[in-house]
Amino acid sequence: MLRKIIPPIASAARNFSICELPAHLQELQKTCHSFADRELKPVAAELDRDARFPAEQIAKLADLGLMRVTVDPEYAGSGLNMLALSLVVEELSRGCGSTGSIVSIHNCLFANLLNRVGAEEQKQHFFGKYSNNSIGVFALSESDAGSDVAALNTKAQREGDFWILNGTKAWVTSAKEAQYGVIFATVDTDLKYKGITAFLLDFDNATGLTVGPNEDKLGIRATSTCNLHLDNVRVRSSNVLGSIGGGFRLAMEQLDRARIGIASQALGIAQAALEAAVGYAEQRIAFGQPLLKLSSVQTRIAEMALRIESTRLLVRKAAVEIDRNERSTKACSMAKWFAGETATFAAHNCLQIMGGMGYVKNMPAERFYRDARITEIYGGVTDVQKTIVAEQVIEQLKGR
Ligand SMILES: Cc1cc2nc3c(=O)[nH]c(=O)nc-3n(C[C@H](O)[C@H](O)[C@H](O)COP(=O)(O)OP(=O)(O)OC[C@H]3O[C@@H](n4cnc5c(N)ncnc54)[C@H](O)[C@@H]3O)c2cc1C
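**Q** Provide a residue-level description of the overall build of the chain, including the pertinent values.
**A** Across its full length, the chain holds 12 helices and 10 strands. Dimensions of the chain along its principal axes, counting C-alpha atoms only, are 80 × 55 × 40 Å. For the chain, the proportion of its 400 residues judged to be buried stands at 52%. Expressed as a percentage of contacts within the chain between residues at least 6 apart in sequence, the contacts between residues at least 24 apart total 74%. Accessible surface for the chain amounts to roughly 17,500 Å². Of this, 53% is attributable to carbon and sulfur atoms.

The structure is reproduced here in structure tokens:
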């Protein structure tokens, strides 16, 4: 009965938008949607089980131009905007949360940053030297500097035409597979956040750089997460990204963009959970009828759908604000906060609707649950997003 009045979930989700997406973005969305169904969904459980990087899938995504979504065409990019990148990450994450994470972090935190603020020679060097399926990292966090990132302690010391980096960066996504990256270090700890500087690093000739063991994680297990140890690593002064002391501001601006990517990842996982829950409840018979007929199950589905559609509005709004160069910090933090909670909520309810079957590894619900949790942590924990939103709201109201 329910099925007759509601169009199939997948097509309803694809067409959903507060205003119609332009034709090229609808096309992009369809491409990523079918890529997720064809190339990611069938292997997601295996990648997760083996904690295996999806190299084949990333190569195919690179062929589609999706590893440089917002990079200008002269640097082998697709020249699209953050709204496009958000659609890509949402659809891919619907198929595999790990792949969505890899694509999101590389595009939002590295490729977009280099394209946006890199000097011409830096872009030519890094985008030119490495093929478009190469992966870049964003190494900001340290073991004693996560939410309090201004406390970072990796040091950069000037020596002639070089900077010498020493310290350990923690939690670096894709560190094992990366060819290059941006490393944040301080030129003077007394300057606090004003000393933080961003350095571009070629991994293949960085003597003194070692990648630590992969963290054994709860979710997004097909991504690598490692420490990066820097022991007298020499970086040419021409590889300073932005200005000396300008790294903290760069990082904060880029984290707004990353929050759109993480929110989109969360949205894709939530959508996958909703689709799986409906698919299961349609088939599962209890008390002589499909679970879908139970009002308690319908309520869970309605609550999931409500949160997912509200999240989608917030994520689209944040992406459009970035693309219009508007003040977007509040929208980005709201989107990330709500999307992370929505992903966890949807995965929780999917698991509950599946009952015992939700708790075992041959159904995807437990993976959705494990993959969802990271979206409430990385890129700034939910608690910090709440503080950012409050500060922005208070400032806006005071300024009226
Ligand atoms: C799988 C994974 C991948 C990651 N990838 C990257 C990456 O590629 N690059 C990178 O730079 N970092 C990365 N990170 C690091 C991530 O961004 C940090 O873990 C995150 O910002 C939280 O920092 P923390 O772990 O030090 O937690 P803490 O800062 O110690 O916070 C722990 C808890 O304390 C509370 N808390 C802390 N500060 C506040 C506050 N101001 N207000 C209210 N509550 C607060 C919150 O409840 C919070 O959850 C990754 C982390 C993980 C787990």
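**Q** Got a sec to walk through the packing of aromatic side chains? Specific residues and values, please.
**A** Summed over the entire model, instances satisfying the criterion amount to seven aromatic pairs. One Lys or Arg, Arg234, reaches over the ring of Phe162 and ends 4.4 Å from the middle of that ring. Over the ring of Phe345 we find Arg307, and its NZ or CZ is 3.8 Å from the ring centre.

**Q** Let's hear about the packing of helix α10 (residues 329–354) against helix α12 (residues 382–398): which residues, and what values?
**A** Packed helix pairs are specified by the crossing angle of their axes together with the interaxial distance, meaning the distance between the axes. Viewed as axis vectors pointing N to C, α10 and α12 meet at an angle of 145°, and their least axial separation amounts to 9 Å. The way α10 lies across α12 gives a crossing that is left-handed. Touching Thr329, Lys330, Ser333, Met334, Lys336, Trp337 and Glu341 of α10 are Thr382, Gln385, Lys386, Ile388, Val389, Gln392, Val393 and Gln396, all from α12. Here the residues of the contact of α10 with α12 are counted per class, giving five nonpolar, six polar and four charged.

**Q** Tell me about the site of the ligand, and name the residues and values.
**A** Near the ligand there are 17 residues, and of these Phe138, Ser141, Ser147, Trp171 and Thr173 occur at the shortest range. The contact in question runs from a nitrogen atom of the ligand to an N or O atom on the backbone of Phe138, over 2.8 Å. In the model, an oxygen atom of the ligand is placed 3.0 Å from a nitrogen or oxygen of the Leu140 main chain. In the complex, 65% of the free accessible area of the ligand, which totals 980 Å², lies under the protein chains. At the level of secondary structure, the elements contributing two or more residues to the shell around the ligand comprise β3 (162–173) and α12. Classifying every residue of the shell around the ligand gives nine nonpolar, six polar and two charged.

**Q** Can you break down the pairing of strand β4 (residues 180–186) residue by residue, with the values?
**A** Of all seven residues in β4, seven are buried, a share of seventy percent or more. Burial along β4 is two-sided: the face carrying Tyr180, Val182, Phe184 and Thr186 and the face carrying Gly181, Ile183 and Ala185 are both buried.

**Q** Can you break down the pairing of strand β2 (residues 155–159) residue by residue, with the values?
**A** Sheet topology places β2 next to β3; five bridges connect them, and they run antiparallel. Its bridge partner lying in β3, Gln157 is registered against Ile164. Hairpin connection of β2 to β3: two residues between the antiparallel strands, including Gly160 at a positive phi of 60°.

Conventions used here
- Residues numbered from 1 in each chain as written.
- Predicted model: local features only at pLDDT ≥ 70, side-chain atom pairs only at ≥ 80, totals over all residues.
- Heavy atoms only, no water.
- Helix = DSSP H or I, 4+ residues; strand = E, 2+ residues; numbered from the N terminus.
- Buried < 20%, exposed > 50% of the residue type's maximum accessible area, 1.4 Å probe, protein only.
- Contact = heavy atoms within 4.5 Å.
- Areas by Shrake-Rupley, 256 points an atom, 1.4 Å probe, with all protein chains shown as cover.
- Phe/Tyr/Trp six-rings, centres within 6.5 Å; stacked < 30°, edge-to-face > 60°.
- Lys NZ or Arg CZ within 6 Å of the ring centre and 35° of its normal.
- Axes fitted to C-alpha atoms, helices over the stretch in contact; angles between N-to-C directions.
- Left-handed = near helix turned anticlockwise from the far one by under 90°.
- Nonpolar A, V, L, I, M, F, W, Y, C, P; charged D, E, K, R; others polar.
- Near = heavy atom within 4 Å.
- Polar contact = N/O pair within 3.5 Å; in protein donor to acceptor, adjacent residues only side chain to side chain.
- Pairing = 2+ DSSP bridges.

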